[in-house]
Amino acid sequence: MNSPDQQIKLTQDDGRVFVDMPDGDDHVCASCGACCNHFRVSFYVGEIAGGLADSAIGVPADKVIPITPFYAAMAGTNQEKPRCVCFEGEVGKSSRCSIYHHRSSTCREFYVHDEQGQPNPACQTARAANGLAPLTAIQT
């Protein structure tokens, strides 16, 4: 299901909702990248390719760092000024994930607007920390 902000929401068997953006530069994330440059992106180590995950869809092992025996993080996001190693572009101008189709569940669950059209508070926090204007609500 697509929402007015072009998010494609995919409900998983376990109830989680993963969010995809359409290809191209016509959505808000393509000119943002604040989340990739603000948060530590940690996730279960079973998502790393070659581990429990299917190597064709798992997060590439050379793009992560261990956090605990059970959790890993995207390289570059566990530091004072986070910047995901997979982020390509410039915050607020152009944004792309070099492993988009292999990104972690943490990234897949990060949404821009909720079902009522309200901006994600975490997205707003990341945008503010990177000097970007807040997003407005959209009509659903």
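Each remark here, short or long, concerns the structure printed above.
Described below are features of the structure shown in this document. Just so you know, these numbers come straight off a predicted model, no measurement behind them.

1. A word on the side chain of K9
Argument step 1. Here K9 is to be found in strand β1 (residues 8-11).
Argument step 2. Here the side chain of K9 touches E115 through a polar contact of 3.2 Å, side chain to side chain.

2. Focus on the sheet that holds strand β3 (residues 42-44)
Argument step 1. Ordered by their spatial adjacency, 3 strands build an open sheet running β3-β5-β4, and the pairing between neighbours is antiparallel. In this open sheet, the two edge strands, each paired with only one partner strand, are β3 and β4 (64-66). The sheet shows a mean angle of 40 degrees between the axes of neighbouring strands, taken without regard to direction.
Argument step 2. Taken together, the 3 bridges between β3 and strand β5 (residues 71-74) define a ladder with antiparallel strand orientation. Residue pairing across strands places S42 opposite A73, the latter belonging to β5.

3. Side note on the packing of aromatic side chains
Argument step 1. What the rule picks out here adds up to 1 aromatic pair.
Argument step 2. Their ring planes at 50 degrees and their centres at 6.0 Å tell us that F39 and F110 sit as a pair that is tilted. Here F39, found in the loop between β2 (17-20) and β3, pairs with F110, found in the loop between α1 (105-108) and α2 (121-129); they are 71 residues apart in sequence, far enough to count as distant.
Argument step 3. When the ring centre of Y100 is taken as origin, the NZ or CZ atom of R103, which lies over that ring, is 3.8 Å away.

4. Observations regarding the pairing of β5
Argument step 1. In this structure, β4 lies alongside β5, joined through 3 bridges in antiparallel fashion. Across the sheet, the residue bridging to I65 is A73, located in β5.
Argument step 2. Hairpin connection of β4 to β5: 4 residues between the antiparallel strands.

5. Regarding the pairing of β2
Argument step 1. Both β1 and β2 contribute to a ladder of 4 bridges, which runs antiparallel. Residue T11 lies in a different strand from β2, and its bridge partner there is V17.

6. Some details on the state of the cysteines
Defined simply, a disulfide is a covalent bond joining two cysteines at their sulfur atoms.
Argument step 1. Scanning the entire structure with this criterion turns up 0 disulfides.
Argument step 2. Distance from the sulfur of C97, which forms no disulfide, to the nearest cysteine sulfur (C86) is 5.3 Å.
Argument step 3. Just so you know, C123 is unpaired, no disulfide at all, and the nearest cysteine sulfur is the one on C32, 5.6 Å from it.
Argument step 4. Under the relative-accessibility criterion, C123 is labelled buried at 8%.

Conventions we followed
- Residues numbered from 1 in each chain as written.
- Predicted model: local features only at pLDDT ≥ 70, side-chain atom pairs only at ≥ 80, totals over all residues.
- Heavy atoms only, no water.
- Helix = DSSP H or I, 4+ residues; strand = E, 2+ residues; numbered from the N terminus.
- Polar contact = N/O pair within 3.5 Å; in protein donor to acceptor, adjacent residues only side chain to side chain.
- Pairing = 2+ DSSP bridges.
- Axes fitted to C-alpha atoms, helices over the stretch in contact; angles between N-to-C directions.
- Phe/Tyr/Trp six-rings, centres within 6.5 Å; stacked < 30°, edge-to-face > 60°.
- Lys NZ or Arg CZ within 6 Å of the ring centre and 35° of its normal.
- Disulfide = S-S within 2.5 Å.
- Buried < 20%, exposed > 50% of the residue type's maximum accessible area, 1.4 Å probe, protein only.

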